Amino acid sequence: MSEHAFSPEERAAVYRAIAERRDMRHFSGGEVAPELLARLLEAAHQAPSVGLMQPWRFIRITLPVLRESIHGLVEEERVRTADALGERSDEFMRLKVEGIRDCAELLVVALMDGREAHVFGRRTLPEMDQTSLACAIQNLWLAARAEGLGMGWVSLFEPQALADLLGMPAGSKPLAVLCLGPVDAFYDAPMLAQQGWATPRPLNELLFENHWGTP
Ligand SMILES: Cc1cc2nc3c(=O)[nH]c(=O)nc-3n(C[C@H](O)[C@H](O)[C@H](O)COP(=O)(O)O)c2cc1C
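Residues numbered from 1 in each chain as written. Predicted model: local features only at pLDDT ≥ 70, side-chain atom pairs only at ≥ 80, totals over all residues. Heavy atoms only, no water.

**Some points on the overall build of the protein**
No. 1: A tally of helices and strands in the protein yields seven helices and four strands.
No. 2: When the helices and strands of the protein are listed from N to C terminus, the series reads α-α-β-α-α-β-α-β-α-β-α.
No. 3: In terms of overall dimensions, the protein has a C-alpha envelope of 55 × 45 × 45 Å along the principal axes.
No. 4: When burial is assessed residue by residue, the protein has 38% of its 215 residues classed as buried.
No. 5: Sequence-distant contacts in the protein: of pairs separated by 6 or more residues, those separated by 24 or more amount to 79%.
No. 6: Of the side chains in the protein, 21 bear a positive and 30 a negative charge, and the two mean positions are spaced by 1 Å. (Helix = DSSP H or I, 4+ residues; strand = E, 2+ residues; numbered from the N terminus. Buried < 20%, exposed > 50% of the residue type's maximum accessible area, 1.4 Å probe, protein only. Contact = heavy atoms within 4.5 Å. Lys, Arg positive; Asp, Glu negative; His and termini not counted. Charge placed at Lys NZ, Arg CZ, Asp CG, Glu CD.)

**A word on the site of the ligand**
No. 1: Around the ligand sit Arg-21, Arg-22, Asp-23, Arg-25, Val-97, Trp-153, Val-154, Ser-155, Leu-156, Pro-190 and Leu-192, and that is every residue in its neighbourhood.
No. 2: A distance of 2.7 Å separates an oxygen atom of the ligand from a polar side-chain atom of Arg-22.
No. 3: In this structure, an oxygen atom belonging to the ligand sits 2.7 Å away from a main-chain N or O atom of Ser-155.
No. 4: Relative to its unbound accessible surface of 610 Å², the ligand loses 71% to contact with the protein.
No. 5: The residue makeup of the shell around the ligand, split by class, is six nonpolar, one polar and four charged. (Near = heavy atom within 4 Å. Polar contact = N/O pair within 3.5 Å; in protein donor to acceptor, adjacent residues only side chain to side chain. Areas by Shrake-Rupley, 256 points an atom, 1.4 Å probe, with all protein chains shown as cover. Nonpolar A, V, L, I, M, F, W, Y, C, P; charged D, E, K, R; others polar.)

**A closer look at the layout of surface pockets**
No. 1: Space inside the largest pocket adds up to approximately 200 Å³.
No. 2: Its residues assigned to classes, the lining of the largest pocket shows nine nonpolar, one polar and two charged. (1 Å grid on protein atoms, 1.4 Å probe; cavity = no way out; pocket = protein on both sides within 12 Å on 5 of 7 lines; lining within 4 Å. Points joined across faces, edges and corners; volume = space filled by probe spheres on them.)

**With respect to helix α5 (residues 128-146)**
No. 1: Here α5 is 19 residues long and its end C-alpha atoms lie 27 Å apart, about the 27 Å a rise of 1.5 Å per residue gives.
No. 2: Within α5, the full set of buried residues consists of Asp-129, Ser-132, Leu-133, Ala-136, Ile-137, Leu-140, Trp-141, Ala-143, Ala-144 and Arg-145.
No. 3: Against the buried residues of α5 lie α1 (8-20), α2 (34-45), β1 (56-61), β2 (105-111), β3 (150-154) and β4 (173-181).
No. 4: One or two positions beyond α5, positive phi appears at Gly-148, with a value near 85°. (Expected span 1.5 Å × (residues − 1).)

**A look at the pairing of β2**
No. 1: Across the seven residues of β2, seven count as buried, placing the element largely inside the fold.
No. 2: Side chains of β2 alternate between two faces, with Glu-105, Leu-107, Val-109 and Leu-111 and Leu-106, Val-108 and Ala-110 buried alike.

**Overview of the nonpolar core**
No. 1: Counting 28 residues, the largest nonpolar core has Ile-70, Leu-106, Leu-162 and Val-177 as its most contacted members.
No. 2: Secondary structure elements with two or more residues in this core: α3 (64-85), β2, α6 (159-165) and β4.
No. 3: Among the elements that make up this core, the one with the highest residue count is α3 (four residues).
No. 4: Aside from chain neighbours lying at most four places away, what touches Val-177 is Ile-70, Ile-100, Leu-106, Leu-107, Val-108, Gly-152, Trp-153, Val-154, Phe-157 and Leu-162. (Core = buried A, V, L, I, M, F, W, Y, C linked by side-chain atoms within 4.5 Å.)

**Comments concerning the UniProt feature "domain: Nitroreductase" (unreviewed entry) in the protein**
No. 1: Listed under "domain: Nitroreductase" (unreviewed entry) in the UniProt record, and renumbered for this structure, are residues 18-181.
No. 2: In this annotation, residues 18-181 is assigned 42% helix and 16% strand; the end-to-end C-alpha distance for the span is 18 Å. (UniProt positions renumbered as here; feature names shortened; annotations may be inferred.)

**Quick notes on the pairing of β4**
No. 1: With eight of nine residues buried, β4 is to be regarded as a mostly interior element.
No. 2: Across seven bridges, β2 lies against β4 in antiparallel orientation. Following the sheet pairing, Val-109 is matched in β4 by Ala-176.
No. 3: The sheet contact formed by β3 and β4 spans five bridges and is antiparallel. Note that in β4 the partner of Gly-150 across the bridge is Gly-181. (Pairing = 2+ DSSP bridges.)

The following block contains the structure:
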């Protein structure tokens, strides 16, 4: 064991947060105390980012009319997604894919504008800005779980429509609507697995040695 390792209890807590984090779509209303929300956003903001560009921008939605408009955008995209799914359309429409109206806090996370100026680590892989933003959201997700709050990532929306709604500058791009807040219970397993939409694959099917496909 490395001399830099956390204590056994601390290590167990880290792995527990990872194992018990769930994408939540059922919320019990309530609120998130301001100091707790600040702690969670600080956890997100400590994420790694390519070239330390910190491409994330967080927009806290507090106006009920905006929340309702965002719900409307997601609903439009949910219907378009169902159309695109063809024979699984009805099955998809029965899934709950967001908790926008019920969550205590609604956050939009967006990529900043002016990203083209950041070349370090992005010359051949420009999508590393999105990847960095995802790291920030995962930090938030894990910290929220440790605090006993649920979070759901909603990506069913037309990005330009959401950008227009929130007055975002050209070049920026929203990538996440985050539903955050108290829940009655966390799902025991991914909801899409519980509902038979998808089956998670075990790690050993996705882990290779030396060459792709070699177990
Ligand atoms: C980038 C990203 C976008 C997602 N978008 C949605 C979404 O729009 N609606 C939804 O219900 N779940 C969404 N999810 C949640 C996934 O369905 C969920 O993470 C997956 O089924 C595994 O479940 P778990 O997070 O509870 O382990 C998204 C997750 C990620 C990482």
